[in-house]
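One-letter residues, chain by chain:
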Amino acid sequence: MSSLEKKEIQIPPEKVYTLISTKERIFITISVMIGTFMAVLDTTIVDVVLPKMMGPLSTDLYGIQWVITSYMIAAATALLFVENFSKYIGYSYTFIVGIAIFTFASFFCASATSLAQMITFRSIQGIGEAFIMACAQTILILTYPPEKRGTALGIYGLGVSFAPALGPTAGGFITEHLNWRWVFYINVPVGILNIISSFLVLPKFLGKEKIFHFNFISYLFIALATIFLLIMLSKGQQYGWFQSIFIIKCLFISLISFSLFFASEIWASIYSKNTLINWKIFKFPEYSWSMGFYFFILGFVLYQIFYLLPLYYENLKGLTTFQTGLHMLPPAMLIGTCSITAGILSDKFSPSIILVIDWFLLLIITFFIIPKLNYYTPAYKAVILTLPLGISVGIFFSPLTTLAMRNLGKLTGLGVALMHYIRFLGGSFGTAIATNHLERNTKEFFLRINELQNWIYVKHFIYSKVFLINKFFPLELSIKKSKALLYHAQYIQALSWSFQETFRTIGFWALIAGFFLTGLIITTLKHHFKSLIYIKKLIHKAEIDQ
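Since the model is a prediction, treat every value here as computed from it, not as a measurement.

Student: How would you explain the overall build of the chain if you had to name every residue and give the values?
Tutor: When helices and strands are counted, the chain shows 19 helices and zero strands. Looking at the 546 residues of the chain, the share that counts as buried comes to 53%. Carbon and sulfur atoms make up 70% of the accessible area of the chain, which totals about 25,300 Å².

Student: Can you tell me about a nonpolar patch on the surface, naming the residues and giving the values?
Tutor: Together, I26, F27, I30, I34 and V190 give the surface a local cluster of nonpolar side chains, amounting to about 410 Å² of exposed area. Of all the elements, helix 2 (residues 22-45) adds the most residues to the nonpolar patch, at four residues. Given a relative accessible area of 34%, V190 falls into the partly exposed group.

Student: Please provide a residue-by-residue account of the confidence of the model for the chain, values included.
Tutor: For the chain, mean pLDDT is 80; residues scoring 70 or higher make up 86% of the total. Across residues 1-9 the pLDDT falls below 50, and counting only partners more than four positions away or on other chains, this stretch makes 19 contacts in the model.

Student: Requested: an account of helix 16 (residues 379-405), with residues and values cited.
Tutor: The end-to-end C-alpha separation of helix 16 is 40 Å, in line with the 39 Å expected for 27 residues at 1.5 Å each. The sharpest bend along helix 16 measures roughly 30° and falls at T386, with the proline P388 sitting one to four residues further on. Here helix 16 lies mainly inside the structure; 21 of its 27 residues are buried.

Student: Give me the environment of L400: which residues, what numbers.
Tutor: Along the chain, L400 turns up in helix 16. Residues L400 and P351, spaced 49 residues apart in sequence, show a C-alpha to C-alpha distance of 7.1 Å.

Student: Residue-level account of the nonpolar core, with values.
Tutor: M53 and I297 are the most contacted members of the largest nonpolar core, which totals 141 residues. It is helix 13 (residues 285-316) that contributes the most residues to this core, 16 residues altogether.

Student: Can you explain the packing of aromatic side chains? Please cite residues and give values.
Tutor: Tallied over the full model, the rule gives 38 aromatic pairs. Here F295 and F296 contribute two aromatic rings whose centre-to-centre distance is 5.4 Å and whose plane-to-plane angle is 85°, an arrangement assigned as edge-to-face. Using a relative accessible area of 14% as the deciding quantity, one classes F296 as buried. Every member of this aromatic cluster is reached through a ring pair, and the members are W289, F295, F296, F300, F429, W509, F515 and F516. The side chain of R25 reaches across the aromatic face of Y144, ending 5.6 Å from its centre.

Student: Can you lay out helix 12 (residues 245-271) for me, pointing to particular residues and giving the numbers?
Tutor: For helix 12, spanning 27 residues, the distance from its first C-alpha to its last is 38 Å, which sits close to the expected 39 Å at 1.5 Å a residue. Those residues of helix 12 not exposed but buried are I247, C250, S254, S257, F258, F261, S264, E265 and A268. Its side-chain oxygen placed 3.2 Å from the backbone nitrogen of F246, S244 serves as the N-cap of helix 12. Two residues or fewer after helix 12 comes K273, characterised by a positive phi angle close to 65°.

Student: Please set out the side chain of E265 residue by residue, giving values where relevant.
Tutor: Note on placement: E265 falls in helix 12. A polar contact of 3.1 Å, which involves the side chain of E265, links it to the backbone nitrogen of I277. Setting aside residues no more than four positions away along its own chain, E265 makes contact with N215, S218, T275, L276, I277 and W279.

Student: Give a description of the pattern of salt bridges that names residues and reports values.
Tutor: The tally for this structure, following the rule as stated, stands at two salt bridges. Between E129 and R423 there is a salt bridge whose closest N-O contact spans 3.1 Å. Note that E129 is positioned in helix 7 (residues 115-143) and R423 in helix 17 (residues 412-452), a separation of 294 residues in sequence. The closest approach of N and O atoms between E501 and R504, which form a salt bridge, is 3.0 Å.

Student: I'd like to hear about the environment of W289, residue by residue, with values.
Tutor: With respect to the helices and strands, the residue W289 is situated in helix 13. As a C-alpha pair, W289 and F515 span 226 residues in sequence and 9.1 Å in three-dimensional space. Residues contacting W289, with those up to four places away along its chain left out, are F515, F516, G519, L520 and T523.

Student: Account for the packing of helix 14 (residues 321-348) against helix 16, with residues named and values stated.
Tutor: One can describe the packing of helix 14 onto helix 16 by two numbers: an axis separation of 7 Å at closest approach and a directional angle of 30°. On the basis of the axis angle, helix 14 is roughly parallel to helix 16. When the axes of helix 14 and helix 16 are compared, the crossing they make is right-handed. In contact with H327, P330, P331, L334, I335, C338, S339, A342, G343 and S346 of helix 14, helix 16 contributes A379, V383, T386, L387, G390, I391, V393, G394, I395, S398, P399 and T402. Residues that form the contact of helix 14 with helix 16 fall into these classes: 13 nonpolar, nine polar and no charged.

Student: Kindly report on the side chain of T77, identifying the contributing residues and their values.
Tutor: Position of T77 relative to the elements: it lies in helix 5 (residues 66-89). Within the structure, T77 has its side chain in polar contact with the backbone oxygen of A74 (distance 3.2 Å). The residues contacting T77, other than those within four sequence positions of it, are Y219, A223, T226 and I227.

Student: Give me the packing of helix 13 against helix 16: which residues, what numbers.
Tutor: Put simply, helix 13 and helix 16 touch, their axes get as near as 11 Å, and they point 160° apart. For the element pair helix 13 / helix 16, the angle class is roughly antiparallel. Like other packed secondary-structure pairs, helix 13 and helix 16 cross with a definite hand, here left-handed. Each residue belonging to the contact of helix 13 with helix 16 can be placed in one class, and the counts come to 22 nonpolar, two polar and one charged.

Student: Before we move on, could you go through the environment of L334 and cite the residues and values that matter?
Tutor: Structurally, L334 can be placed in helix 14. Residue classification places L334 among the partly exposed positions, given a relative accessible area of 24%. Remark: the alpha-carbon pair of L334 and L389, spanning 55 residues in sequence, is separated by 8.7 Å. With residues near it in sequence (within four places) discarded, L334 still touches L387, G390 and I391.

Calculation notes
- Residues numbered from 1 in each chain as written.
- Predicted model: local features only at pLDDT ≥ 70, side-chain atom pairs only at ≥ 80, totals over all residues.
- Heavy atoms only, no water.
- Helix = DSSP H or I, 4+ residues; strand = E, 2+ residues; numbered from the N terminus.
- Buried < 20%, exposed > 50% of the residue type's maximum accessible area, 1.4 Å probe, protein only.
- Areas by Shrake-Rupley, 256 points an atom, 1.4 Å probe, with all protein chains shown as cover.
- Patch = residues over 30% accessible without salt bridge, like charges linked within 9 Å, V, L, I, M, F, W, Y side chains within 5 Å.
- Salt bridge = Lys/Arg side-chain N within 4 Å of Asp/Glu carboxyl O.
- pLDDT = per-residue confidence, 0-100.
- Contact = heavy atoms within 4.5 Å.
- Expected span 1.5 Å × (residues − 1).
- Bend = angle between axes of the 7 residues up to and from the residue.
- Core = buried A, V, L, I, M, F, W, Y, C linked by side-chain atoms within 4.5 Å.
- Phe/Tyr/Trp six-rings, centres within 6.5 Å; stacked < 30°, edge-to-face > 60°.
- Lys NZ or Arg CZ within 6 Å of the ring centre and 35° of its normal.
- Polar contact = N/O pair within 3.5 Å; in protein donor to acceptor, adjacent residues only side chain to side chain.
- Axes fitted to C-alpha atoms, helices over the stretch in contact; angles between N-to-C directions.
- Parallel < 35°, antiparallel > 145°, perpendicular 65-115°, else oblique.
- Left-handed = near helix turned anticlockwise from the far one by under 90°.
- Nonpolar A, V, L, I, M, F, W, Y, C, P; charged D, E, K, R; others polar.

Here it is in structure tokens:
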């Protein structure tokens, strides 16, 4: 930004907004949000096209899952490196580099002809997302004045919450009318335009400290811990969790690596002061409590619901991918609307009040609304039942981020990086838990149906269908088809109950998150009362002086 570059800026990061005009701020917001939206959208838009990729890449269901797993592993492990690296070249250049890496990798993902190529370029794409996400939110926070940061975070929340919900719709449309490769190709022109616009409008000095203190030993341990933890969570259901030696080894290596990471950080804090993470960030109680709440609500509640809803529509209701996306579009639209509204309200009212209201709404949704979804629920009614979820998700991000980040100052960049690191870990935990619960509940309900059914009625059902089927097939084959029909009916009923039970258990994670919300509210109230006492002392002192 030439008008800013001409000024020899010697100003704290938290005062950068004073140098940026309203017009410049609008262009910065648009440029940052395009890159963020593109990166986040790609995490879910790929999910719905995985079945279409198996044939061209010559792999099976378990092999194609590495397309998602490799992306998450690369993004999570790169985040902490990027947070340190961004201090050397600045947030703007880091963001531009991230868009360039993401765009480059997208082109080669679209051109991949084997699973190995796809995994390699998806990993590079994940690194690109780490560069983007580690800086995008920080750029918005630093370029907006404190009284408007809620609005900025509402706009950011629009991207990070609306994009995943829009993914199934966009992926289904592209797959149905074009080809699965266009899921990646479409990023190329958008990415190139975003690189040009970002280079023109982003303030280049932002966050540039020309300092690169990096603890490679700690990073090695945290990277190993993250990689094996995500592999364990992603592959646990496939390998039978702790019945598998492979899963046990992954857990063991992850725990040992986490232990060595903390040991390395303690050693560095005592002898070299060059820690990978500035642990002073957890001395801000608002940030610590917020991250605990964020981990459980996002990972264990929202990720589970948005992972299960497409499965509910496709596997239970029998809708196509595109139809599923259309049914998920109305709550996605509400997410976008409520995200900006919550951001504006966060600037005018206490973010903690908005967060408490949203938490109560989420409890009602998870305990009383979402568990009503079953096989017999009409598709239009299912959409109506998910509308409150769109409102809750839209409200969630802005007030929480406002509370978490408002006092961090120079540590804002680290706070954002850790927040996204927690997003990947929480999402992996949530997805693994949802998969495990759905599979286990389905099998238990199916067995219970078989145990309780009356053989006389079963026999009557089978032979009543044989009479119709026998018109088209031989008698022996007709009996087998009739039994298969009964099996399918029993499975559908078991799956229907399983979805309801799995949805219901999500509410208990929301209750656990309430513990961290309580701590956050108490901390906020203490800060508020201290401010009031301080103001009263100043007034009292002024009266005495008079």
